[in-house]
Amino acid sequence: MSQSDTSLHGSGPAMNPSSATSVAADADQGYKWKAFWAVAITLFTMVMDFSITFLALSTIAEDFGVTLRAVTWVAIASSLTISAVLLPLGRLADITGRKKFHLAGIVLFSTGALLAALSPNLPTLIGARIIMAIGGAMGQAVVMAIVTAVFPSNERGKALGMITTVVAIGGTAGPIVAGPLLQWFGWRSVFLFLFIPTAIGFVLAWRILDDSRIGTTKRKIGERYDWPGAILSASALALIILTISNPFAQPWISPQIIGGVVVSVALFALFVYWELRVPAPMINLQFFRSPVFTWSSATRLLAFVGTSATFFLLPIFIQSFLGYSQMIAGVIMFVGALGMGIAGANSGRLSDRFGYRKFTFIGLSMLIAMSLFFAFMTQSTPIWLLMPALFLNGLGMGIWMAPNMSATLSAVERSSYGSVSAFLNLVRNVGSVAGQAITTAIVTGVMASRGVDVELSELRHSADPSVGDAFLDGWRMAYLVLVGFSIMALVAAALTRERMQKTDHAGAGQPTEAAPAQAD
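None of the values given here were measured: they were computed from a predicted structure.

> Any details on the overall build of the protein? Residues and values, ideally.
Helix and strand counts for the protein come out as 16 helices and two strands. Per-residue burial for the protein yields a buried fraction of 53% across its 520 residues. Put simply, 82% of the contacts in the protein that link residues at least 6 apart link residues at least 24 apart. For the protein, the exposed area adds up to about 22,300 Å²; of that, 68% sits on carbon and sulfur atoms.

Okay, structure coming up:
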């Protein structure tokens, strides 16, 4: 029998190398989306948790018979915990394995949700929220790393854009979900609800995630976890967040605030000193030698400071001055999330083709324009103007976020995706907290100068028109100050230069040391 006959009558058709490559590529295409949805449902739930909890605070206060200021520790404890442990957990994810780290985070989050639903008193609820926050931080630390690892480097923007979409919808779905639950079943039902999608996410992650395909790297022989760095970073970050958020309403020029700033700076300095000398640091500070990493990180921090007022103050405006309920206000805010989700998916995909710099610049420019519109709104601003402005604001957020994250990740190696993903989420948290603190200080300062002493959370219950006038003056000043931060973010974005990327089919792009790509 000839060779040709053998190929015809043998056990099966011969497969040429190009066909094998095509099959492998198709398998990778299918797996990356399975892995994405396996972790996206958990990320969606963890993001939604924050807005749900904020809406439930007043109901919890009434049930436990405590003040609103006391019950805010349910939210403060979560923010402090996440900010403190994000960076240490990101490094831990890089050296322990991303699949089991993600699963452990889901278990902690779900356990905390059940304990919260069963809490007999406020201290127990706060403890349950801390457990949830640790689980949530584990999710934030590893989800971005998993998603960017399963997508090839030339699709990194697409992957990060999809993450932006999930975060956007999750952040504003909270009021829509929580409203009916709080009205019909009470505050405990919102924590029971959170358990359901996380349980589904656990099953999907257990069955789908494969360490060999999600970027888990083998731990080096003799490599140790940087416990001193973890303790220093957690202490410094917790203290600075506590100082900035000022939950005890201390005067800004007070020994407590000044002391908090001084000790935080000292701890950060000690952390940097240690990290530059330890063989396996918590985060490789040499990343900041890259102008791309430095300027894109600065852009992210300044932009989140500059845009925080929209998520913090606009719900108050919609309820207090436009007279809408919490549930309707949530639906109105969802318009912004819709714009953010649409733009995030598309800007990420397009930035893979045309570069990240121009999209970051366009998105921040839109946010500055919309912030100026919001700054000069009054009680007579019609809803038909506000909702398109919210949609455009969401578009701006979605346009800049994914390309900015892609820029930062382009400057680091694949094995550091976990710690850098945690760093990116930490920058977002610090920027948002700082922006809210600045906003609160300006608005309450203007109101105090007018002789108005009303908590922002109680603003809608005041019948005194001078209260509303003082708030709007403070609102306008706060927005104009935050616009200044957005302009600084725009400058930082302009200084972020493109880098060439090697494309690989394993799912990770490596930054080259060649000259930067053509600037925009």
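Further notes follow.
> Tell me about the packing of aromatic side chains, and name the residues and values.
Counted under the stated rule, the structure contains 17 aromatic pairs. Their ring planes at 65 degrees and their centres at 5.5 Å tell us that Phe-64 and Trp-187 sit as a pair that is edge-to-face. Taken together, the residues span a long stretch of sequence, with Phe-64 in helix H2 (residues 17–64) and Trp-187 in the loop between helix H7 (156–185) and helix H8 (188–208) at a distance of 123 residues. For the pair formed by Phe-64 and Trp-187, the shared burial category is buried. Summarising the aromatic geometry, the rings of Trp-187 and Phe-191 are spaced 6.1 Å apart at their centres and angled 85 degrees between planes, so their arrangement reads as edge-to-face. Note on accessibility: Trp-187 and Phe-191 belong to one class, buried. In textbook terms, an aromatic cluster arises when at least three aromatic residues are bridged by ring pairs, as seen for Phe-317, Phe-373, Phe-374, Phe-471, Trp-475 and Tyr-479.

> Describe the confidence of the model for the protein, listing the residues and the values that go with them.
When pLDDT is low, close inspection of the predicted coordinates is not appropriate. Averaged over every residue, the pLDDT of the protein is 81; the share at 70 or more is 86%. Contacts for the low-pLDDT stretch residues 1–27, under 50 throughout, to residues beyond four places or in other chains number five contacts. For the stretch residues 500–520, pLDDT sits under 50, and the model shows 57 contacts to residues farther than four places along the chain or on other chains.

> Tell me what's going on with the packing of helix H4 (residues 73–96) against helix H5 (residues 98–117), and back it up with residues and numbers.
Between H4 and H5, the shortest axis-to-axis distance is 7 Å and the interhelical angle comes to 135 degrees. The angle between H4 and H5 falls in the class oblique. Facing Leu-89, Leu-92, Ala-93, Asp-94 and Thr-96 of H4, the residues of H5 in contact are Arg-98, Lys-100 and Phe-101.

> Break down the nonpolar core for me, with residues and values.
Membership of the largest hydrophobic core comes to 101 residues, with the highest contact counts inside it found for Leu-314, Phe-374, Phe-471 and Trp-475. Ranked by the residues each element gives to this core, the list is headed by helix H15 (residues 417–449), at 15 residues. Counting 30 residues, the second largest nonpolar core, distinct from the first, contains Met-46, Met-48, Ile-52 and Ala-116.

> Can you tell me about the environment of Val-481, naming the residues and giving the values?
Examined against the element boundaries, Val-481 turns out to sit in helix H16 (residues 465–494). Along the sequence, Val-481 and Ile-438 sit 43 residues apart, while their C-alpha atoms lie 8.8 Å from each other. Dropping the residues within four chain positions of it, Val-481 is found in contact with Ile-438 and Ile-442.

> Give me the lowdown on the side chain of Ser-264, citing residues and values where you can.
The topology assignment puts Ser-264 in helix H10 (residues 255–275). The class of Ser-264 is buried, set by a relative accessible area of 1%. Of note is the side chain of Ser-264, whose polar atom sits 3.4 Å from the backbone nitrogen of Ile-240. Of the polar contacts made by the side chain of Ser-264, one reaches the backbone oxygen of Gly-260; its length is 2.6 Å. For Ser-264, the contacting residues outside a window of four places in its chain are Ala-236, Leu-239 and Ile-240.

> Before we move on, can you summarise helix H11 (residues 291–320) with the specific residues and values?
For H11, with 30 residues, the first-to-last C-alpha span of 44 Å sits near the 44 Å given by 1.5 Å per residue. A bend of about 40 degrees at Leu-313 is the largest found in H11, and the proline Pro-315 appears one to four places after it.

> Before we move on, could you go through the pattern of salt bridges and cite the residues and values that matter?
Applying the stated criterion to the full structure yields six salt bridges. Note that Asp-473 is salt-bridged to Arg-450, the shortest N-O span being 2.7 Å. Pair noted here: Asp-473 is in helix H16 and Arg-450 is in the loop between H15 and H16, with a separation of 23 residues, a long-range link. We classify Asp-473 as partly exposed; its relative accessible area is 28%. Judged by its relative accessible area of 47%, Arg-450 is partly exposed.

What counts and what doesn't
Chains are numbered independently. Their residues run from 1 in the order of the written sequence. Selection of residues for local features in this predicted model requires a pLDDT of at least 70, selection of side-chain atom pairs for listing and counting requires 80 or more, and totals for whole chains, interfaces and linings are taken over all residues. Note that the side-chain values use all heavy atoms of the structure and ignore hydrogens as well as water. Helix and strand assignments come from DSSP, with helices taken as H or I runs of at least 4 residues and strands as E runs of at least 2, each series counted from the N terminus. Buried means the residue's accessible area, taken with a 1.4 Å probe over protein chains only, is under 20% of the maximum for its type, while exposed means over 50%, and partly exposed covers the values in between. We call two residues in contact when some of their heavy atoms are within 4.5 Å. Working definition of accessibility: Shrake-Rupley area with a 1.4 Å probe, residue cover restricted to the visible protein chains. What counts as a ring pair is set by centres within 6.5 Å for rings of Phe, Tyr and Trp (its six-membered ring), and what kind of pair is set by the plane angle: stacked under 30 degrees, edge-to-face over 60, tilted for all other angles. pLDDT measures how confident the predictor is about each residue, on a scale from 0 to 100. Fitted lines through C-alpha atoms serve as axes, helices being fitted only where they are in contact, and the angles separating the N-to-C directions of these axes extend from 0 to 180 degrees. In what follows, roughly perpendicular refers to angles from 65 to 115 degrees, roughly parallel to angles under 35, roughly antiparallel to angles over 145, and oblique to any angle outside these ranges. Nonpolar cores were defined as sets of buried Ala, Val, Leu, Ile, Met, Phe, Trp, Tyr and Cys residues, with membership established by side-chain atoms within 4.5 Å. Any pair of N or O atoms that falls within 3.5 Å is considered a polar contact. Within protein, one atom must be able to donate a hydrogen and the other to accept it, and sequence-neighbouring residues count only if both atoms are side-chain atoms. Multiplying one less than the number of residues by 1.5 Å gives the expected span of a helix. A residue's bend is simply the angle between two axes: one fitted to the seven residues ending at it, one to the seven starting at it. We define a salt bridge as a contact between a side-chain nitrogen of Lys or Arg and a carboxyl oxygen of Asp or Glu at a distance within 4 Å.

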